[in-house]
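# Examination of the molecular architecture
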Amino acid sequence: MSDVPFQDTTRIDARDKVRGKALFGADDARPDMVHAALAVATIGKGRIVSLDTRAAAAVSGVRLVLTHRDLGDVKSAGFLMAGGYGFQSLQPMLSPAIAYRGQPIALVAADSLEAAIEAAALVETTYAAEPISVTLDATGAETINQADTPLKNFIPEVIAGDADKSFADAPVKIDARFTSPPQHQNPIELIATVAEWNDGKLTIHEGTQNAEAIRHGLMAALGLTADQVQVISPYAGGGFGQKNSLQMQTVLAAVAARRLQRPLKLVVSRAQIFHDASFRAASRQRVRLGADRSGQMLAAIHEVDAQTSRHDFMPAEFAAVSSRLYGIENFRGHERLVRTDVQTPGYMRAPFEHGACFAMESCVDELAYALGKDPVALRLANDTKVDPITKLPLSSRHLSACLERGAERFGWSKRTMAPQSMRAGDGTLIGWGVAAGAYPGLIVPTVARLKVTDDGGVRLSIGGHEMGQGIRTALAAAVARKLAVPPEGVVVLVGDTRIAPQHVTAGSWGTASAVPTASDAAEAMLQALDQLAPGRSSNQTPAQILKSVGRPSLEVEVRRKAPGQPEAIYERLAAGLPCVGGPIFADFVTFSYIAHFVEVRVEPGTRRIRVPRVVSVADCGRVISPRTAASQVRGGVVWGIGATLREASEVDPRYGGFLNADLAEYVLPVNADIGSIDVEFIDEPDLQFNSAGAKGVGEVSLTGVAPAIANAVFHATGRRVRDLPIRVEHVL
Ligand code: MOS
């Protein structure tokens, strides 16, 4: 059945969303709720010397002002990537120490949001400031080999063959350096918490990708038991890695709500999101790529410095993807972390893969020009059937098909190779660029419960989070197609710790993890119905079968894990810890792939860069939900245009923090910046990876956009820009 394409269906929650009926995490206002606001540190690093909350407390309607003096035995829940649950290990307000500008120093709760905001601004603080290092090249920024940190235990360096020797011997060499600024994701739904205590039990309503980490993080921070905390997140309005763990304000909200014995709502403001949540680390990269004169790539060396905080080692996994784009036998990756005085950076859609593909695919374009070879033909000539690092077979790889289909749809054969050789009638420079992207194939263990009732109800309760990507729609489609019921009749419950363990939904593993489990649940349901009514007619609905035997409902539970994972993985799952399988399995390796073809137009006078046209062809295995998958790719391309031509979080080395902390000054593409985005899927199932044949699509869609644009800018202007974002001044 999995080799039959899925039909296009609308989002099952589309009507609810456009009518405002879909309640996002913290939209669920509780009776008698108080509102909270945060006061934040205005130094880059140091200590609080004095803190005066009298003026804040005197504001009419203020019920509580919490500072580091009031948190008692609250503990840090630890860093997600070091065995804990938080986006960083530093829980603000546990001491007078300030690690970065913007760190919360007080929480004010009041009857109205206005009173809380007014009072938070009246908290008076004096500090003892210390010197700071907030950029990669600052004095005092400490650079450390990732392989010398505890991360070495689960992130090995990516090495195959002898890259240094092979590069030295290569007849054609490319050697280039790249930089990327810090960038911040700005979800439409701000990070927000409603905390509510009833009879000693805490319920958190919060848009998140990781309800279970919030739950277990609060247990660790507040000394609670599992039966005392539940987290409910029916929707998240954008969760591209930033909402993947316990947020710092959630702990503070829970403490304040307990003190007041009233439900409390805390919305982190747009400016505070730049400082109180994770972001994409600044990075600098060097790629050396060696080839023979026929264009065979022989060696690559990929060195990366990525920003981290002073208090955590945020992993950098750039080489894991740059090493997988082509069949390069000699590869050496090397990642270093640069400790700076910021909150811990984190995951942001294709957190490493976007930057890694920018560097590697820019170099591949340079190689094409060095050899005088067509950039598509050069890529096709370096395809591989085996994973170049492990030598294991790839479960599926259709990158060449992506390149060929994309070239045809785009009209690539009409391109002339020389830079500045294509112009519009008015003199506008036209550039056509191509680049590939890849993203690891990952699966996490998932538990599903499926219930059918004699009134026609079908309800799936499963691990997963709906953050706009459309997982409900994909899950409903998977169940509906097995049970032969309409997808819009399937109620899908996700993001709720009361219904099933909720593994973090990230890494584009949501569909490949949850859809096979949902399919299994539907299969188990068909078998249970067979047992209930042997010899039943195959065109009877589940409800008809239940009615025929006089049974009101039937429920099945199934669980599923990544290939090769031990049974004990379900205990980690229940403990809210990451349980990620892949991309390297015992017998195979899995990646998703994409090829982007981009047209840029550069105005001859102003040099303004436009992207009127993109063609993207993705290999994400079987497409489970064609409409939401295509929407994922378009969203990835839009984000890629922003990441390449617009987005940068500006840093003043003297003061720390991020200067352009609002949507007016953190420049994003708007509708007028986006032209045609034409999406096609190869739609070949990868049944070795999982029984649904699906691979991830959300993140691979952003990989390769940046180099495709940069390569198009080179083709238009003759300028090779290696620093993001690419701006007018780069091509003057
Ligand atoms: Mo994604 S950056 O793994 O949520």
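Residues numbered from 1 in each chain as written. Predicted model: local features only at pLDDT ≥ 70, side-chain atom pairs only at ≥ 80, totals over all residues. Heavy atoms only, no water.

## Focus: the side chain of Asn690
Where we set the bar: In DSSP terms, a helix is any run of H or I states spanning at least four residues, a strand is any run of E spanning at least two, and both are numbered starting from the N terminus. Note on classification: 1.4 Å probe, protein chains only; a residue is buried when its accessible area is under 20% of the maximum for its type, exposed when over 50%, partly exposed between these limits. Any pair of nitrogen or oxygen atoms within 3.5 Å is treated as a polar contact; in protein, a donor-acceptor pairing is required on top of that, and neighbouring residues in sequence qualify only through side-chain atoms on both sides. When checking whether two residues touch, look at their non-hydrogen atoms; a contact exists if any pair is within 4.5 Å.
You can see Asn690 is positioned in the loop between β24 (676–681) and α17 (705–717). Using a relative accessible area of 4% as the deciding quantity, one classes Asn690 as buried. Within the local environment of Asn690, its side chain forms a polar contact with the backbone nitrogen of Ala692, the two atoms lying 2.9 Å apart. When sequence neighbours within four positions are dropped, the list of residues in contact with Asn690 reads Ile443, Ala512 and Pro516.

## A word on the confidence of the model for the protein
Heads up, the rule is: Per-residue confidence from the prediction method is given by pLDDT, with values spanning 0 to 100.
Here the protein shows a mean pLDDT of 97. Residues at 70 or above account for 100%. For the protein, helix α1 (residues 14–18) is the element with the lowest average pLDDT, namely 92, and α17 is the one with the highest, namely 99.

## Overview of helix α6 (residues 248–260)
Since the α-helix turns once every 3.6 residues, residues separated by three or four places project in the same direction. The following threshold applies: A helix is expected to span 1.5 Å multiplied by its residue count minus one.
For α6, with 13 residues, the first-to-last C-alpha span of 19 Å sits near the 18 Å given by 1.5 Å per residue. Taking burial as the measure, the 13 residues of α6 include 11 buried ones, the bulk of the element. Met248, Gln249, Thr250, Val251, Leu252, Ala253, Ala254, Val255, Ala256, Ala257 and Leu260 are the residues of α6 that are buried. Looking at the residues trailing α6, positive phi occurs at Gln261, about 50°.

## Some remarks on the packing of helix α16 (residues 626–645) against α17
Operational definition: Under this scheme, a helix contributes an axis fitted over its contacting stretch, all axes are lines through C-alpha atoms, and angles between N-to-C directions fall in the 0 to 180 degree range. Angle categories are assigned with fixed cut-offs, so that under 35 degrees is roughly parallel, over 145 is roughly antiparallel, 65 to 115 is roughly perpendicular, and the rest are oblique. Each helix crossing is assigned a hand: it is left-handed if the near helix lies turned anticlockwise from the far helix by less than a right angle, otherwise right-handed if that turn is clockwise. Note that Gly is not counted as nonpolar here; it falls among the polar residues with everything else outside the nonpolar set of Ala, Val, Leu, Ile, Met, Phe, Trp, Tyr, Cys and Pro and the charged set of Asp, Glu, Lys and Arg.
At a closest axis distance of 8 Å, the pairing of α16 and α17 adopts a crossing angle of 55°. The angle between α16 and α17 falls in the class oblique. The interaxial crossing formed by α16 with α17 has right-handed handedness. Every residue of α17 that contacts α16 at Gly636, Val637, Gly640, Ile641, Thr644 and Leu645 is listed here: Val705, Ala706 and Ile709. Taken together, the residues that form the contact of α16 with α17 break down as six nonpolar, three polar and no charged.

## Overview of the packing of aromatic side chains
For clarity, the cut-off: Stacked, tilted and edge-to-face are the three classes assigned to paired rings of Phe, Tyr and Trp, where Trp is represented by its six-membered ring and a pair needs centres within 6.5 Å; plane angles under 30 degrees give stacked, over 60 edge-to-face, the rest tilted. For a ring to carry a charge above it, either NZ of a lysine or CZ of an arginine must fall within 6 Å of the ring centroid while also lying within 35 degrees of the normal to the ring plane.
One pass over the full model with this rule turns up 14 aromatic pairs. With a centroid separation of 5.9 Å and 35° between ring planes, the pair formed by Phe410 and Phe597 is classed as tilted. Remark: Phe597 occurs in strand β22 (residues 591–602) and Phe410 occurs in helix α11 (residues 399–410); sequence separation between them is 187 residues. Of the aromatic side chains, those joined through ring pairs into one cluster are Phe410, Trp412, Trp432 and Phe597. Between the NZ or CZ atom of Lys173 and the centre of the ring of Phe167, over which it lies, the distance is 5.8 Å. When the ring centre of Tyr570 is taken as reference, the NZ or CZ atom of Arg559 above it lies at 3.8 Å.

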